[in-house]
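Structural description and commentary
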2 protein chains.
Amino acid sequence: MKKKRPKFLLNEAFRKHGDRTFLPHLSVDCVIFGFHEGHLKVLLLKWKDGPWCLPGGFIKHKESIDDAATRILKERTGLDAIFLKQFHAFGDPLREKGKRHQEGWISKRFVTIAYYALVDYSKVFPQPDSFSSECTWCDVHAVPNLIYDHKQIMKVALEALQLSLNDHPVGYNLMPLKFTMPELQRLYETILGQSLDRRNFQKRMLALDILVKLNERKTGGAHKAPFLYRFDKKKYDRAVKRGLGAGF
Amino acid sequence: MKKKRPKFLLNEAFRKHGDRTFLPHLSVDCVIFGFHEGHLKVLLLKWKDGPWCLPGGFIKHKESIDDAATRILKERTGLDAIFLKQFHAFGDPLREKGKRHQEGWISKRFVTIAYYALVDYSKVFPQPDSFSSECTWCDVHAVPNLIYDHKQIMKVALEALQLSLNDHPVGYNLMPLKFTMPELQRLYETILGQSLDRRNFQKRMLALDILVKLNERKTGGAHKAPFLYRFDKKKYDRAVKRGLGAGF
DNA sequence: TTTCATTGTGTATATGGTACACAATAGTAT
DNA sequence: ATACTATTGTGTACCATATACACAATGAAA
């Protein structure tokens, strides 16, 4: 189950000579979004005896930055083939204010290329990396102080995600296979930070023609049992590609 | 008028030891859009005895990437305080296929952070850099082969610009102070690559409430003299900030 | 003076978004 | 068992916006 990590990640040589493996001055950070019990979550790491931060890593000398992000995401979550989108590069020379004094390449200034990911919460088993003692989900609206500019990165990621709702359907990567309309609505509401009209939301989603209504209802709740839906993957993918075509 | 460039840019030492000044493995490329005689243009450089490319440069050790982009833009166009937006980082390890064999830091792999800029064509006086023999405008739809992945970068820039039309007004940075409605429409049409209905376009633009209709007409054309408009800068800026609020 | 391409303008229609109310139901409390 | 309560399912009237479309006026050129 658990793969042994390469030694250099664990010892002093990494801090001093990581640039034999990785590009200097460049890092990748991931804002990994999940959705659970009606709340939007992000995956955070806690450094040993240190602050919280976003999961991140470095780019190997012969690796593309997209591949680096995919690799980092897989290491933390065990998932591959999930939705991953580069949204901004952060390159203020003072962004790592308060960086601990260290030696070698790692002590230098880093420009970070940030991605956000949308994953199915229930399929993720958070794995701390070798610098970290914890890796856990945290409610988007109750994030502790993060190291450096990571809170800013999170904020920009959320704004990018919000904007993307107008161009692309969202949900396939965040919801379980079957879900109810209220659950999907809750997802949109937490991403947007505002409540939406129940009936209009449903009309709008159905108009996208990417949902299939099932003949099952979700029982167990304390109230009237809502119908279950699933995404029509083919139509969903087509909608992602061509966009939702608002505006010009 | 012409400032003397630092020597290291011109001699061999730059190729070998530029990393004393600049971050290794990182570059910035700019897709500079202008608009002239009804055509959307990009500013291109031609290497001495070499191919065409986008204006680009490197990031100084204590400089933010935004500042680097601003500096590069100013060097090529003489303009500052113009619209500049980071839109993507390109980091495929093979993106610089066909790179000439050289020594030192410059021979290494580069990840490039790309910006697009919107500038007033008439205010720009293109300046080649020290590697280049020419710096000229080129019609977006008649771009020659470009080095590396620069054509791809341009394509992504144009797509980003197209998308941004739905969220933000465009034109203040691309049009002269006074302009006619058909001219503005032509700008939108060339960015989008499609023609728009004259009357609906006008209604839509006026509905944005960012234009001021002047009591002048543009004479000299071979036909009925169209009215001139200008942007209401305050309202324009407000619209840029809050977005055009389509969708959610 | 005629011609012609272009500009200025308004209306009817379709589409999509918003606001809103009442009956049905699945568990919970008694 | 019964009543209760929060929630779901559904449809319509209204408003805003987008689209399609036609004709008179104008300024230069022939």
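This is a predicted model, so every value here is computed, not measured.

Reading the values: the criteria
Residues numbered from 1 in each chain as written. Chains lettered and ligands numbered in written order. Predicted model: local features only at pLDDT ≥ 70, side-chain atom pairs only at ≥ 80, totals over all residues. Heavy atoms only, no water. Near = heavy atom within 4 Å. Polar contact = N/O pair within 3.5 Å; in protein donor to acceptor, adjacent residues only side chain to side chain. Helix = DSSP H or I, 4+ residues; strand = E, 2+ residues; numbered from the N terminus. Nonpolar A, V, L, I, M, F, W, Y, C, P; charged D, E, K, R; others polar. 1 Å grid on protein atoms, 1.4 Å probe; cavity = no way out; pocket = protein on both sides within 12 Å on 5 of 7 lines; lining within 4 Å. Points joined across faces, edges and corners; volume = space filled by probe spheres on them. Pairing = 2+ DSSP bridges. Phe/Tyr/Trp six-rings, centres within 6.5 Å; stacked < 30°, edge-to-face > 60°. Buried < 20%, exposed > 50% of the residue type's maximum accessible area, 1.4 Å probe, protein only. Lys NZ or Arg CZ within 6 Å of the ring centre and 35° of its normal. Least-squares fit on C-alpha atoms with pLDDT ≥ 70 in both. Contact = heavy atoms within 4.5 Å. pLDDT = per-residue confidence, 0-100. Expected span 1.5 Å × (residues − 1). Axes fitted to C-alpha atoms, helices over the stretch in contact; angles between N-to-C directions. Parallel < 35°, antiparallel > 145°, perpendicular 65-115°, else oblique. Salt bridge = Lys/Arg side-chain N within 4 Å of Asp/Glu carboxyl O.

Here we take up the protein's contact with DNA strand D. Lining the immediate surroundings of DNA strand D are 19 residues, of which Pro182(A), Arg198(A), Lys203(A), Phe227(A) and Arg199(B) lie closest. In DNA strand D, atoms within 4 Å of the protein come from the sugar-phosphate backbone in 43% of cases. At 3.4 Å, a side-chain N or O of Lys213(A) approaches a phosphate oxygen of DNA strand D. Measuring from a base nitrogen of DNA strand D, one finds a side-chain N or O atom of Arg199(B) at 2.6 Å. Of all the elements in the fold, those that place two or more residues in the surface near DNA strand D are helix H5 (198-207) of chain A together with helix H5 (198-207) of chain B. Partitioned by chemical class, the residues of the surface near DNA strand D number five nonpolar, four polar and ten charged.

For the rest of this paragraph, the subject is empty space enclosed by the protein. Scanning the entire structure with this criterion turns up one cavity of 30 Å³ or more. Space inside the largest cavity adds up to approximately 90 Å³. Around the largest cavity, the lining residues are Leu163(A), Asn166(A), Asp167(A), Ala246(A), Leu163(B), Asn166(B), Asp167(B) and Ala246(B). Its residues placed into classes, the lining of the largest cavity shows four nonpolar, two polar and two charged.

This paragraph deals with the sheet that holds strand E10 (residues 227-231) of chain B. Residue and element names in this part refer to chain B. Taking strand neighbours across the sheet as the criterion, the three strands line up as E8-E10-E9 in an open arrangement whose pairing is antiparallel. Each end of this open sheet is capped by a strand with a single partner; those strands are strand E8 (179-180) and strand E9 (211-217). Looking at chain direction, E9 and E10 are connected through four bridges and run antiparallel. Along E10, the bridge assignment pairs Arg-217 with Phe-227.

Turning next to the packing of aromatic side chains. All chains considered together, the criterion is met by 40 aromatic pairs over all chains. Consider the rings of Tyr188(A) and Phe201(A), whose centres lie 5.4 Å apart with planes at 65°: the pair is edge-to-face. One end of the pair, Tyr188(A), is in helix H4 (residues 181-192); the other, Phe201(A), is in helix H5, and 13 residues separate them in sequence. Considered together, Tyr188(A) and Phe201(A) belong to a single accessibility category, that of buried residues. The interplanar angle of 65° and the centroid separation of 6.3 Å between the aromatic rings of Phe33(B) and Tyr116(B) together place this pair among those described as edge-to-face. Of the two residues, Phe33(B) sits in strand E1 (residues 26-36) while Tyr116(B) sits in strand E6 (residues 111-118), which places them 83 residues apart along the sequence. Linked through ring pairs, Phe14(A), Phe22(A), Phe58(A), Trp105(A), Phe110(A) and Phe131(A) together constitute an aromatic cluster. Stacked on the ring of Tyr172(A), the Lys or Arg Lys233(A) has its end atom at 5.0 Å from the ring centre. The ring of Phe227(B) has Arg217(B) lying over it, and the distance from NZ or CZ to the ring centre is 4.1 Å.

Further remarks concern the relation of the copies chain A and chain B. Take chain A, turn it by 180°, move it 0.0 Å along the axis, and it overlays chain B with an RMSD of 0.0 Å. The symmetry that links the two subunits is that of a two-fold axis. Most of the interface of chain A is mirrored in chain B, where 100% of its interface residues again form contacts.

Okay, the confidence of the model for chain A next. Looking at chain A, the pLDDT average stands at 92 and 96% of residues meet or exceed 70. Looking across chain A, the model is least confident in helix H1 (residues 12-17) of chain A, with a mean pLDDT of 81, and most confident in strand E6 (residues 111-118) of chain A, with 98.

Residues and elements named next belong to chain A. The end-to-end C-alpha distance of helix H3 (residues 150-164) is 21 Å, a good match for the 21 Å that 15 residues give at a rise of 1.5 Å each. Turning to H3, its buried residues number three or more, namely His-150, Ile-153, Met-154, Val-156, Ala-157, Leu-158, Leu-161 and Ser-164. In this fold, the buried residues of H3 make contact with strand E1 (22-36), strand E2 (39-47), strand E3 (52-53), strand E5 (83-90), E6 and H4.

This next bit is on the packing of helix H4 (residues 181-192) of chain B against H5(B). Residues and elements named next belong to chain B. Between H4 and H5, whose axes approach to 10 Å, the crossing angle comes to 95°. When the axes of H4 and H5 are compared, the pair comes out roughly perpendicular. Packed against H4, whose contacting residues are Met-181, Leu-184, Gln-185 and Tyr-188, the element H5 presents Arg-198, Phe-201, Gln-202, Met-205 and Leu-206 at the interface. Across the contact of H4 with H5, the residue classes tally to six nonpolar, two polar and one charged.

Let us now look at the environment of Ile65(B). Here Ile65(B) shows up in helix H2 (residues 65-77). Through-space distance from the C-alpha of Ile65(B) to that of Lys233(B) is 27 Å; in sequence the pair is 168 residues apart. The contact partners of Ile65(B), leaving out residues within four places of it in the chain, are Ala89(A), Phe90(A), Gly91(A), Arg109(A), Val111(A), Val28(B), Ile59(B), Gln86(B), Ile113(B) and Tyr115(B).

A separate point is the interface of chain A and chain B. By a widespread convention, an interface's size corresponds to the accessible area lost as its parts come together. Taken residue by residue, the interface counts 33 residues in chain A and 33 residues in chain B. At the surface where chain A touches chain B, the tally comes to zero salt bridges. Counting across the interface, chain A meets chain B through ten residue pairs in polar contact (both at pLDDT 80 or more). Mapped by element, the contributors of at least two residues to the side of chain A that touches chain B are E1, strand E4 (56-60), E5, E6, H4 and H5 of chain A. A per-class count over the side of chain A that touches chain B returns 18 nonpolar, eight polar and seven charged.

Here the focus is the protein's contact with DNA strand C. Every one of the 21 residues lining DNA strand C counts as a neighbour, but Arg199(A), Arg198(B), Arg199(B), Lys203(B) and Phe227(B) are closest to it. Those atoms of DNA strand C that come within 4 Å of the protein belong to sugar or phosphate at a rate of 42%. Between Lys213(B) and DNA strand C, the recorded distance is 3.4 Å, taken from a side-chain N or O atom to a phosphate oxygen. Those elements giving two or more residues to the surface near DNA strand C turn out to be H5 of chain A together with H5 of chain B. Examining the composition of the surface near DNA strand C, we find that four residues originate from one element, H5(A), more than from any other. Taken together, the residues of the surface near DNA strand C sort by class into five nonpolar, six polar and ten charged.

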